[in-house]
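As a plain string of letters, each chain reads:
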Amino acid sequence: MAAGAGSAAAVAAVGGSGGPAGPQAVGVAAGGVPQAGPGGPPVPGPGAVLIGDRLYSGVLITLENCLLPEHTLRFTPSMSSGLDPDTETELRVTGCELIQAAGILLRLPQVAMATGQVLFQRFFYTKSFVKHSMEHVSMACVHLASKIEEAPRRIRDVINVFHRLRHLREKKKPVPLILDQEYVNLKNQIIKAERRVLKELGFCVHVKHPHKIIVMYLQVLECERNQHLVQTSWVASEGK
């Protein structure tokens, strides 16, 4: 079951990348709010870590900032780069569908595919589709999610699957992937994309999926045999 781009509306917000802020840098909270004026002494903000004379930004997730604010949903980095909303939505849907299809071919558990889709959506609320390859990030999210959900797959297998999906999408006859320098370069790009996803999300990659809760509620209501209700609830939880 493919997860649509609408599921991004409920993804957790992540602020800060955990990088060094420098001896004279200001404290930065999870939302990127400076805690001291320029040139002033470093003042650790919520979630910031002071190690020696260097201040490192932190990631702080609370009930107040666990969801993306409305202005972030309306004005994304891709829109700031000149991408129209319809194209961005199409790219989000395509990315999620690729992750779902790749997960099926890789025989990943459904929870791993859902995790990959959430990571994909989170990343592109901090970075632009114009500056980052949708396909590379999709592959990176599949590889990362497989490790998070304890069902690791090799990067080579992920690349092979996406290579096949690309040919099917373009209605071409699938051909074997040649292990040449182009493959090596692509593999390195996927590794870098995975690191970039981790950096932008501040290594906060835990995803709490609603599917188990849905099943529990349906059982309590004694509606687990109502196939239409079960399917509708499942799809609604993915934002379709």
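For the structure itself, look to the data block above.
Residues numbered from 1 in each chain as written. Predicted model: local features only at pLDDT ≥ 70, side-chain atom pairs only at ≥ 80, totals over all residues. Heavy atoms only, no water.

Visitor: I would appreciate a short explanation of the nonpolar core in the present structure.
Guide: For soluble globular proteins, the rule of thumb is that nonpolar side chains tend to be buried together. By size, the foremost hydrophobic cluster in this structure holds 35 residues, and its most contacted members are Phe120 and Val142. Contributions of two or more residues to this core are made by α3 (85-105), α4 (110-123), α5 (134-148), α6 (155-169) and α7 (181-200). Contacts of Phe120, omitting those with residues within four sequence positions, involve Leu91, Arg92, Gly95, Cys96, Ile99, Phe129, Met134, Val137, Ser138 and Cys141. (Core = buried A, V, L, I, M, F, W, Y, C linked by side-chain atoms within 4.5 Å. Buried < 20%, exposed > 50% of the residue type's maximum accessible area, 1.4 Å probe, protein only. Helix = DSSP H or I, 4+ residues; strand = E, 2+ residues; numbered from the N terminus. Contact = heavy atoms within 4.5 Å.)

Visitor: Please explain the packing of α6 against α7 as it appears in this structure.
Guide: Axis angle and axis distance: for two packed helices, these are the angle between their axes and the distance between the axes, and together they describe the pair. Their axes nearest at 11 Å, the elements α6 and α7 cross at an angle of 110°. As the angle between them shows, α6 and α7 are arranged roughly perpendicular. Contact with α6, carried on its side by Ile155, Arg156 and Ile159, involves Tyr183, Leu186, Lys187, Ile190 and Ile191 of α7 and no other residues of that element. Taken together, the residues that form the contact of α6 with α7 break down as 6 nonpolar, no polar and 2 charged. (Axes fitted to C-alpha atoms, helices over the stretch in contact; angles between N-to-C directions. Parallel < 35°, antiparallel > 145°, perpendicular 65-115°, else oblique. Nonpolar A, V, L, I, M, F, W, Y, C, P; charged D, E, K, R; others polar.)

Visitor: Mind showing me how you'd approach the environment of Thr115 here?
Guide: With respect to the helices, strands and loops of the structure, Thr115 is situated in helix α4. Judged by its relative accessible area of 0%, Thr115 falls in the buried class. Separated by 26 residues in the primary sequence, Thr115 and Cys141 have C-alpha atoms spaced 8.3 Å apart. Once you skip the residues sitting within four places of it in the chain, Thr115 turns out to touch Ala145, Ile148, Glu149, Val207 and His209. For Thr115, the side chain forms a polar contact with the main-chain oxygen of Val111, separated by 2.9 Å. (Polar contact = N/O pair within 3.5 Å; in protein donor to acceptor, adjacent residues only side chain to side chain.)

Visitor: How should the environment of Cys96 be read in this particular structure?
Guide: Position of Cys96 among the secondary structure elements: in helix α3. The class for Cys96 is buried, based on a relative accessible area of 0%. A C-alpha to C-alpha distance of 8.2 Å links Cys96 and Gly116, two positions 20 residues apart in sequence.

Visitor: For this particular structure, what's the right way to read the pattern of salt bridges?
Guide: Between side chains of opposite charge, pairing is possible as soon as their charged atoms come close. Tallied over the entire structure, the rule returns 8 salt bridges. Close ionic contact of Glu200 with Lys127 constitutes a salt bridge, the shortest N to O distance being 3.6 Å. With Glu200 in helix α7 and Lys127 in the loop between α4 and α5, this residue pair connects regions lying 73 residues apart in the sequence. Take Glu200: its relative accessible area is 13%, and that puts it in the buried class. (Salt bridge = Lys/Arg side-chain N within 4 Å of Asp/Glu carboxyl O.)

Visitor: Can you help me understand the state of the cysteines in this one?
Guide: What makes a disulfide is a covalent bond joining the sulfur atoms belonging to two cysteines. Inspection of every chain in the model, using the stated rule, returns 0 disulfides. Free cysteine: Cys141, not disulfide-bonded; nearest cysteine sulfur from Cys96 at 9.2 Å. In this structure Cys141 comes out as buried when scored by relative accessible area, which is 0%. (Disulfide = S-S within 2.5 Å.)

Visitor: It is not clear to me how the packing of aromatic side chains should be interpreted in this structure. Could you clarify?
Guide: Each aromatic ring pair is summarised here by two numbers: the centre-to-centre distance and the angle between the ring planes. In the structure shown here, the tally under the stated rule is 4 aromatic pairs. Seen from their ring centres, Phe123 and Phe124 are 5.1 Å apart, and the 85° between their planes marks the pair as edge-to-face. With a relative accessible area of 1%, Phe123 lands in the buried category. An aromatic cluster is built from Phe120, Phe123, Phe124 and Phe129, whose rings are joined through pairwise contacts. (Phe/Tyr/Trp six-rings, centres within 6.5 Å; stacked < 30°, edge-to-face > 60°.)

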